[in-house]
Amino acid sequence: MLGDNIKALRKQKGISQEELASRIHVVRQTISKWEKNLSVPDAAMIQKIAEELDITVNELLGGEIKQDEDRDKIVEQLVRINEQLVIRNRRSRRIIKTIIIIIAVIAVVLAIVLANSLVVTAENKYTLVKQFGKIERIVDEAGLSFKIPFIQSTDTLPKQILIYDLAASDVITMDKKTMVADSYVLWRINNPQLFVQTLNSQVANAESRINASVFMSMKNIISSLEQTEVINGRDGELTQMIMANLGDSMEQYGIELITVEIKRLDLPDDNKNAVY
């Protein structure tokens with residue numbers, strides 16, 4: 001094409017882009033665009049270029065018009081070259097657009113894969129990495145880790161100390177006195193694997209087991225004491241007895257009981273006057 005001819009003939013003459021641009025009064029970038037076939041010079045500029053390169057217009061255009069043909073033929077040839085250039089540029093833009101779309105699709109796919117590969121574990125969580133419903137590993141350190149995208153999934157369990165508030169309930173002492181006990185439990189999951197297997201990963205299921213075990217233990221301890229012993233034991237002795245009675249009974253569920261605290265241990269309202 002014309003741009004290729006300008007470049008080849010310029011180099012044959014040992015003329016740089018800057019020098020040719022200075023001679024025909026254009027900037028170097030204009031020469032560069034012509035030589036890259038991004039644009040074409042007009043008929044008058046074609047003649048200037050031919051003169052500076054010491055060649056004929058026919059040679060510059062690739063010998064496609066005869067020496068004696070007039071300016072109109074040169075213009076016609078330039079129009080034809082320009083049309084070819086437009087077609088070429090349109091094709092190039094289409095190719096570039098296709099490449100951009102492909103790159104964008106690849107980037108989106110990679111982003112989705114990466115998002116499905118990252119595992120973010122918080123300080124107060126256990127992360128369970130599962131494959132086909134089975135626990136493959138348990139992440140108990142905070143930070144980033146990875147899993148197999150689309151094949152492995154994640155679930156979380158609380159790692160921090162939890163509190164369960166038991167409902168206030170009536171208990172009967174060894175001397176057949178009714179008292180009202182209001183307590184709470186501090187607990188945590190210390191074996192996530194066992195917790196999942198026995199309680200289906202549900203904190204509500206754990207609280208139900210804790211409620212039943214702690215209430216029965218508290219009931220058994222208080223029923224073995226006189227009312228005065230229960231009242232005197234509110235400073236901590238009663239808690240120690242309940243914890244000793246519970247022992248490691250909750251470990252079978254992957255649960256550690258930290259403490260059972262008595263918020264309120266009192267007589268029913270209709271019995272208070274009889275004691276005090």
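As shown above, the structure is provided for reference.
Draft legend 1. Fine view of the overall build of the chain. Of the regular secondary structure elements, the chain holds 11 helices and 9 strands. By the burial criterion, 35% of the 276 residues in the chain qualify as buried. Long-range contacts, defined as pairs at least 24 residues apart, comprise 61% of the intrachain contacts of the chain with a sequence gap of at least 6.

Draft legend 2. Structural detail: a positive patch on the surface. On the surface, Arg90, Arg91, Arg93 and Arg94 cluster together into a positively charged patch. Secondary-structure assignment places Arg93 in helix 6 (residues 71–115).

Draft legend 3. Structural context of the environment of Leu162. Topologically, Leu162 is positioned in strand 6 (residues 162–165). The exposure class of Leu162 is buried, given its relative accessible area of 16%. Spatially, the C-alpha atoms of Leu162 and Arg188 are 5.7 Å apart, while their sequence positions differ by 26 residues. Other than its neighbours up to four places away in sequence, Leu162 contacts Val185, Leu186 and Trp187.

Draft legend 4. Molecular detail of the sheet that holds strand 3 (residues 134–139). Spatial strand order, 3-2-5: 3 strands in an open sheet with antiparallel pairing. The sheet is open, and its two edges are formed by strand 3 and strand 5 (152–158), each paired on a single side. Across the sheet, the axes of successive neighbouring strands diverge by a mean angle of 30°, strand direction being ignored. Direction of pairing for strand 2 (residues 125–131) relative to strand 3: antiparallel, over a ladder of 5 bridges. In the strand pairing of strand 3, Leu128 is matched with Ile138.

Draft legend 5. Geometry of a nonpolar patch on the surface. Together, Val108, Ile112, Phe132, Ile148, Phe150 and Ile151 make up an exposed nonpolar region whose accessible area comes to about 630 Å². Along the chain, the position of Ile112 falls in helix 6. What makes Ile112 partly exposed here is its relative accessible area of 42%.

Draft legend 6. Fine view of helix 8 (residues 203–223). If you check helix 8, its first and last C-alpha atoms are 30 Å apart, about what 21 residues at 1.5 Å a residue would give, namely 30 Å. Among the residues making up helix 8, those that are buried are Ala206, Ile210, Val214, Ser217, Met218, Ile221 and Ile222. Buried residues in helix 8, looked at end-on, bunch into an arc of 120°, giving them a common side.

The rules we used
Residues numbered from 1 in each chain as written. Predicted model: local features only at pLDDT ≥ 70, side-chain atom pairs only at ≥ 80, totals over all residues. Heavy atoms only, no water. Helix = DSSP H or I, 4+ residues; strand = E, 2+ residues; numbered from the N terminus. Buried < 20%, exposed > 50% of the residue type's maximum accessible area, 1.4 Å probe, protein only. Contact = heavy atoms within 4.5 Å. Patch = residues over 30% accessible without salt bridge, like charges linked within 9 Å, V, L, I, M, F, W, Y side chains within 5 Å. Areas by Shrake-Rupley, 256 points an atom, 1.4 Å probe, with all protein chains shown as cover. Salt bridge = Lys/Arg side-chain N within 4 Å of Asp/Glu carboxyl O. Lys, Arg positive; Asp, Glu negative; His and termini not counted. Charge placed at Lys NZ, Arg CZ, Asp CG, Glu CD. Pairing = 2+ DSSP bridges. Axes fitted to C-alpha atoms, helices over the stretch in contact; angles between N-to-C directions. Expected span 1.5 Å × (residues − 1). Arc of directions from axis to C-beta.

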